[in-house]
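What the coordinates show
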Amino acid sequence: MKQSVIDYRSGPFVTVAMGLPGDHEGKTATRVFFVLGAERIALIDSGLYAGLPALKQAFRELDIELSRLDLLLITHEHMDHVGNNGWLKAETGCTIMGHAGRADRVADNLLNAKAIVHAFPEGEMFDLRSEYLDWMGPTAGPIETFVADGDVIDLGGGVELEVVEVLGHSMSEIGFFESSSQTLVLADPLLPPFNPVLYLYEDPTVMRRTFDKIEAFLREREVKRVLLAHDDAKTSAETLQLIDDCRRRVTKVEDSIVTHIKAQPGITFAELRDRCCEDQNMVKEWRALVSIDASLRNFAAQGLARKEGNGWFYTGE
Ligand SMILES: [Zn+2]
């Protein structure tokens, strides 16, 4: 028997960890969460395709027949969260639920990979096939039932999942709050500091609003524990610290951008990306382009930066 794939267990929740491929030095895993109700079993996210053996092993360890999975709940469309959707749909017959905003991407793996990897000219250099094949399986599993902020999914025996919209990292991300165990499940709005991927946010303003929303939610709903996709389970106090660190990281990306545009007028988008990654001691990654681009657009809208040809110029005082 291989080592257990069960990472954490508390109340109705069972967390399954799967390693992420690439240069993550074994520090980063992605997690999916079983939620065991008296009448229904849900799985939050399907993980990445390379983690399918871990997912299969989890069903065996928990002694859950595949056909007993009722619901697959998707936090957001990113490739490491929807990679086994197609397999789960075919093998379990579960109903797939999630946010409507990026349902087109979840329904089409190639479109999903392209939307991030090929969103920028620099991304065109990256091999879409290998990313696509590594992270998602051969078939997609589309979202069939849309849920929105405040919706409640009843799993029976007092286990209910309330949908909490947490936009910013993805503009169609949701988390789930389970009140009997006072547990909040969040995938990626609060990425851990050691995560080498600088894909922090798609919109800095919306992201900051979500940090405030999560902070208020923790206090008002007396959340006891927070389950995160790329980090260990946290107490509410630990999560508040993480929120502060996330705020600091968004600000640091923005400070880096301003510093480097001022120091090198006409700096290109790709160079800015490299400087920002260096400033955060991060691996230079195409995914970082998402956040750099978001902040540049934000600065341009505020009249703080302007693009001329291929270069960026500071226009604030
Ligand atoms: Zn994500």
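Residues numbered from 1 in each chain as written. Predicted model: local features only at pLDDT ≥ 70, side-chain atom pairs only at ≥ 80, totals over all residues.

1. Quick notes on the overall build of the protein
A tally of helices and strands in the protein yields 10 helices and 16 strands. Here the C-alpha atoms of the protein give a radius of gyration of 20 Å, agreeing with the 20 Å that 2.2 N^0.38 yields for 317 residues. Its C-alpha atoms give the protein principal-axis dimensions of roughly 60 × 45 × 35 Å. The 317 residues of the protein split such that 46% are buried. Partitioning the intrachain contacts of the protein with sequence separation of at least 6 by distance along the chain shows that 63% fall at a separation of at least 24. (Helix = DSSP H or I, 4+ residues; strand = E, 2+ residues; numbered from the N terminus. Rg over C-alpha atoms; globule rule 2.2 N^0.38 Å. Buried ≥ 20, exposed ≤ 12 C-beta atoms within 10 Å, placed from the backbone. Contact = placed C-beta atoms within 7 Å.)

2. Things to note about the sheet that holds strand β9 (residues 159–165)
Spatially, the 6 strands line up as an open sheet ordered β8-β9-β10-β11-β12-β13, and their pairing is mixed. Of all strands in the sheet, those with a lone pairing partner are β8 (152–156) and β13 (231–235), marking the two edges. This sheet shows a mean twist of 20° between the axes of neighbouring strands, independent of strand direction. Across 4 bridges, the pairing between β8 and β9 is antiparallel. For V152, the partnering residue across the bridge sits in β9 and is E162. Helix-sheet contacts for helix α8 (residues 236–263) involve β12 (225–228) and β13, and the interaxial angle to β13 is about 115°. (Pairing = 2+ DSSP bridges. Axes fitted to C-alpha atoms, helices over the stretch in contact; angles between N-to-C directions.)

3. Here's the deal with the pairing of strand β2 (residues 13–19)
The element β2 is largely enclosed, with a buried count of 6 among its 7 residues. Sheet topology places strand β1 (residues 6–10) next to β2; 4 bridges connect them, and they run antiparallel. Paired with I6 across the bridge in β2 is V16. Between the end of β1 and the start of β2, which pair antiparallel, lie 2 residues, with G11 showing a positive phi angle near 55°. As judged from the 7 bridges shared by β2 and strand β3 (residues 29–36), these two strands associate in the antiparallel manner. Note on β3: the bridge partner recorded for M18 is T30.

4. Focus on the nonpolar core
If you look at the biggest cluster of nonpolar residues, it comprises 89 residues, and the most contacted ones within it are V16, V35, A42 and I44. With 7 residues, helix α10 (residues 288–301) is the single largest residue contributor to this core. (Core = buried A, V, L, I, M, F, W, Y, C linked by C-beta atoms within 7 Å.)

5. Quick look at the pairing of strand β10 (residues 174–178)
Within β10, 5 of the 5 residues are buried, which leaves the element mostly enclosed by the surrounding structure. Residues I174, F176 and E178 of β10 are buried on one face, and the alternating residues G175 and F177, pointing to the opposite face, are buried as well. Here β9 pairs with β10 via 5 bridges, running antiparallel. Counted as the bridge partner of V163 is F176 from β10. In textbook terms, the turn of a hairpin is the stretch between consecutive antiparallel strands, and for β10 and strand β11 (residues 183–186) this stretch comprises 4 residues, one of which, Q182, has a positive phi near 50°.

6. Some points on the packing of helix α7 (residues 204–220) against α8
Running from N to C, α7 and α8 cross one another at 165°; their axes reach a closest spacing of 10 Å. By the criterion of interaxial angle, the relationship of α7 to α8 is roughly antiparallel. Two packed elements cross with a definite hand, and for α7 against α8 that hand is left-handed. The residues of α8 that touch α7, namely those facing P204, M207, R208, F211, I214, E215 and L218, are S236, T239, L240, I243, C246, R247, V250 and E254. Looking at side-chain class alone, the contact of α7 with α8 contains 9 nonpolar, 2 polar and 4 charged residues. (Parallel < 35°, antiparallel > 145°, perpendicular 65-115°, else oblique. Left-handed = near helix turned anticlockwise from the far one by under 90°. Nonpolar A, V, L, I, M, F, W, Y, C, P; charged D, E, K, R; others polar.)

7. Comments concerning the sheet that holds strand β15 (residues 305–308)
Strand pairing in a sheet takes place through backbone hydrogen bonds and is either antiparallel or parallel in direction. In spatial order, the strands read β14-β16-β15; together these 3 strands make up an open sheet with antiparallel pairing. The outermost strands of the open sheet, each flanked by one partner alone, are β14 (267–268) and β15. The sheet contact formed by β15 and strand β16 (residues 311–314) spans 4 bridges and is antiparallel. Across the sheet, residue A305 finds its bridge partner in β16, namely Y314. In this fold α8 packs onto β14, β15 and β16, with an angle of close to 95° to the strand it touches most, β16.

8. As for α7
Its 17 residues give α7 an end-to-end C-alpha distance of 24 Å, which sits within 8% of 24 Å, the value for a rise of 1.5 Å per residue. Buried within α7 we find P204, M207, T210, F211 and I214. When α7 is viewed along its axis, its buried side chains cluster within an angular range of 110° and face the same direction. Structural note: α7 exposes D212, A216, R219 and E220 on the side pointing more than 90 degrees away from its buried face. In the core, the buried residues of α7 are packed alongside α8 and α10. (Expected span 1.5 Å × (residues − 1). Arc of directions from axis to C-beta.)

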